[in-house]
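Remarks on the overall topology
The chain contents come next:
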Amino acid sequence: MHTILNHPLVDHRMAYMRDVATAPKLFRELVSEVTTFLAFEALRDVNTREVEVQTPVAKTVGRKVSDEIVLVPILRAGMGMLDAMLDVLPYAKVGVLGMQRNEETAEPVPYYSKVPPAKGDEIALVIDPMFATGGSAVDAVSQLKKLGYRRIKFLCLVSAPEGMENFEKHHPDVPVFTAALDKRLNSHFYIVPGLGDAGDRIFGTL
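Conventions and cut-offs
Residues numbered from 1 in each chain as written. Predicted model: local features only at pLDDT ≥ 70, side-chain atom pairs only at ≥ 80, totals over all residues. Heavy atoms only, no water. Helix = DSSP H or I, 4+ residues; strand = E, 2+ residues; numbered from the N terminus. Buried < 20%, exposed > 50% of the residue type's maximum accessible area, 1.4 Å probe, protein only. Contact = heavy atoms within 4.5 Å. Phe/Tyr/Trp six-rings, centres within 6.5 Å; stacked < 30°, edge-to-face > 60°.

1. Some words on the environment of Asp19
- Within the element layout of this structure, Asp19 appears in the loop between α1 (8-18) and α2 (24-42).
- Distance from Asp19 to Leu195, taken between C-alpha atoms, is 7.3 Å for residues 176 residues apart in sequence.

2. Re the environment of Asp67
- With respect to the secondary-structure elements, Asp67 resides in the loop between β3 (59-65) and β4 (69-75).
- Residue Asp67 is classed as buried on the basis of its relative accessible area of 10%.
- In the structure, Asp67 is positioned 12 residues away from Thr55 in sequence and 25 Å away in space, judged by C-alpha atoms.
- If near-sequence neighbours (up to four positions away) are discounted, Asp67 is found in contact with Val46, Asn47, Asp121, Ile123 and Arg151.

3. Examining helix α3 (residues 79-88)
- Those residues of α3 lying buried are Gly80, Met81, Leu82, Ala84 and Met85.
- Buried residues along α3 sit in contact with α2, β4, β5 (93-94), β8 (123-127), β10 (151-159) and α6 (198-203).

4. Things to note about the packing of aromatic side chains
- Taken as a whole and assessed by the stated rule, the structure comprises 3 aromatic pairs.
- Between Phe131 and Phe154 the ring centres are 5.2 Å apart and the planes differ by 65 degrees, which places this aromatic pair in the edge-to-face class. A residue pair is termed long-range when its members are at least 10 positions apart, and Phe131 in strand β9 (residues 130-131) and Phe154 in strand β10 qualify at 23 residues.
- When the ring of Phe131 is compared with that of Phe167, the centres are 5.7 Å apart and the planes differ by 70 degrees; the resulting orientation is edge-to-face. Linking Phe131 in strand β9 with Phe167 in helix α5 (residues 161-170), this pair joins segments that are 36 residues apart in sequence. Taken as a pair, Phe131 and Phe167 share a single burial class, namely buried.
- Ring pairing ties together the aromatic residues Phe131, Phe154 and Phe167, which thus form one cluster.

Pasting the structure below:
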């Protein structure tokens, strides 16, 4: 199950992100802006509680988020989305999962994990810009489930149909939120048309 952002302001930013001429500084800013859109969409169903608020004019009742939230970027590219997520969710906890892609098989190779202990009722938001084969996403969610997380969502900027199909086979209960669903993967397992290697473009290591 997946949700594709369908918004002209997202499309506008994605056009600049795809452009090979876009410099790292602007690319990072666009990643942050689109990530903010993803966060708002993914958290439509977050639980809230009523609180009393004193405005400059009168007392009223407002609502505050009651769910605990854990942000889990997949290293390294997922770190490019983290600041935007923390701007939206400054009270969230942060865990990280390190995975390196095997360029021959496109399979993820886990090398690091540091995630807060699960209580079982918090929301874990896994973030990674690219959703190509779905291998890293599958592995990341599997790790979180083993740690006891039950409410998990996956947020990405660009995805491929092959990745979506692979992910849904393994984790049909985990929703995916993406800014764009592209056409396919090429022979090197890169998304087409895609936007290149998001990590390299975020960190300027092309």
